[in-house]
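What the coordinates show
Residue-level listing of the chains:
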Amino acid sequence: MKWTTKKFRQIKSKSERKKLTMLTCYDFQTANALNKSEIDLILVGDSLGNVVLGYETTCRVSIEEMIVFGSAVKRGAPDKFTVIDMPFGTYANKSLALENGIKLFQQTGAEALKLEGANEQVIGSIKSLVNTGIPVIGHIGLTPQFFHQQGGYFTHGKTAEEKDILVQQAIDIQNAGASLIVLECVTEEVATKITERLTIPTIGIGSGESTDGQVLVINDLLGSGVKTPPSFCKPVKNFYEEKLDAISTFISITNETTSKSSISLRDNENIYN
Ligand code: KIV
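Here goes a summary of the coordinates provided. (Residues numbered from 1 in each chain as written. Predicted model: local features only at pLDDT ≥ 70, side-chain atom pairs only at ≥ 80, totals over all residues. Heavy atoms only, no water.)

**A closer look at the overall build of the protein chain**
Helix and strand content of the protein chain: 11 helices and eight strands. Compactness check: the protein chain gives a C-alpha radius of gyration of 20 Å against a globular reference of 19 Å for 273 residues, within 12% of the reference. C-alpha extents for the protein chain along the principal axes are approximately 65 × 40 × 35 Å. In the protein chain, which comprises 273 residues, the share counted as buried stands at 48%. Taking as baseline every contact in the protein chain between residues at least 6 positions apart, the subset at least 24 positions apart corresponds to 57%. Summing over all exposed atoms, the protein chain offers an accessible surface of approximately 14,500 Å²; the carbon and sulfur share of this is 52%. Of note, the protein chain has its 28 positive side-chain charges centred 5 Å away from the centre of its 31 negative side-chain charges. (Helix = DSSP H or I, 4+ residues; strand = E, 2+ residues; numbered from the N terminus. Rg over C-alpha atoms; globule rule 2.2 N^0.38 Å. Buried < 20%, exposed > 50% of the residue type's maximum accessible area, 1.4 Å probe, protein only. Contact = heavy atoms within 4.5 Å. Areas by Shrake-Rupley, 256 points an atom, 1.4 Å probe, with all protein chains shown as cover. Lys, Arg positive; Asp, Glu negative; His and termini not counted. Charge placed at Lys NZ, Arg CZ, Asp CG, Glu CD.)

**Considering the environment of Gly141**
Within the secondary structure, Gly141 sits in strand E5 (residues 136–141). Taking relative accessible area as the criterion, Gly141 reaches 6% and is therefore assigned buried. A sequence separation of 44 residues divides Gly141 from Cys185, and the C-alpha atoms of the two residues are 6.0 Å apart. Residues within four places of Gly141 in sequence aside, it is in contact with Gln150, His156, Leu166, Glu184 and Val186.

**Some thoughts on the packing of helix H2 (residues 28–36) against helix H4 (residues 63–76)**
Look at H2 against H4: their axes get within 7 Å of each other, and the N-to-C directions meet at 40°. With respect to each other, H2 and H4 are oriented oblique. For the crossing formed where H2 meets H4, the hand is right-handed. Residues Phe28, Ala31, Asn32 and Asn35 of H2 lie in contact with H4, whose contacting residues are Ala72, Val73, Arg75 and Gly76. Taken together, the residues of the contact of H2 with H4 sort by class into four nonpolar, three polar and one charged. (Axes fitted to C-alpha atoms, helices over the stretch in contact; angles between N-to-C directions. Parallel < 35°, antiparallel > 145°, perpendicular 65-115°, else oblique. Left-handed = near helix turned anticlockwise from the far one by under 90°. Nonpolar A, V, L, I, M, F, W, Y, C, P; charged D, E, K, R; others polar.)

**Remarks on the packing of helix H8 (residues 160–175) against helix H9 (residues 188–197)**
Here H8 crosses H9 at 30°, and the two axes come no closer than 10 Å. Between H8 and H9, the interaxial angle falls into the category roughly parallel. By crossing handedness, the relation of H8 to H9 is classed as right-handed. Residue-level inspection shows Lys163, Leu166, Val167, Ala170 and Ile171 of H8 in contact with H9, the latter providing Glu189, Val190, Lys193, Ile194 and Arg197.

**Topic: the site of the ligand**
Residues in close proximity to the ligand include Thr24, Leu43, Gly45, Asp46, Ser47, Asp85, Lys114, His139, Val182, Glu184, Ile205 and Val217, which together make up its full environment. At 2.5 Å from an oxygen atom of the ligand is found a side-chain nitrogen or oxygen belonging to Ser47. Measuring from an oxygen atom of the ligand, one finds a side-chain N or O atom of Asp85 at 3.1 Å. Protein chains bury 95% of the 260 Å² of accessible surface belonging to the ligand in isolation. Looking at the shell around the ligand, its residues break down into four nonpolar, four polar and four charged. (Near = heavy atom within 4 Å. Polar contact = N/O pair within 3.5 Å; in protein donor to acceptor, adjacent residues only side chain to side chain.)

And the structure:
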């Protein structure tokens, strides 16, 4: 079953409902696997700036990069509701949001775009995109595009004032027409309050268990990188070690004898099939 914005609107009214699952994805082959799986949603996050491109922060990711990775994922996962991040600076005002949002939406074939933050400019941008027919996902709490402004990566919503601000931001995003909202690293208390208050589903990351769904960066889940994943993510695999093993195996086999190697050229008509 492919998710639609209409179905998202309906799930909150159901008493018995399963949690929404969302994973990030940045490439065609992983998208093929997700397309075959039971995953509900795919996010082409601008976290690709960190895990694929090696940038220090997501602020360096460009719209062109999101188009390249977003369209590769969409080609690999045509059956999944796919959300693509609008990168830093591309929705700083309504007209930029429309120009960049339409380009990203049309050129990738995504089902929705995600915007970080909830200040006046972002709310205006969400409204413009939704009014144009582009479904939008909100994102509050730890918002990596605001890393420099927020002053680092930490849990949000610890004080009474912060709690009230976060709840109001979530309401503003819903009122602007968003279909879902990501709550990143907010306290469980705030996540619970927002989840109870909103009529659109909440998707949590590092925000406890009360949200309507959960999202993770797939590279963290698979242990693909050399860095330890964030404390809220327990990797289920150690792909980094497996890559090192595979590389060593290749080197050993090649040094032993090339004729035994799995890479020796075969006389085959369809080498790439
Ligand atoms: O860019 C990303 O991967 C994200 C998730 C962490 C929610 O925004």
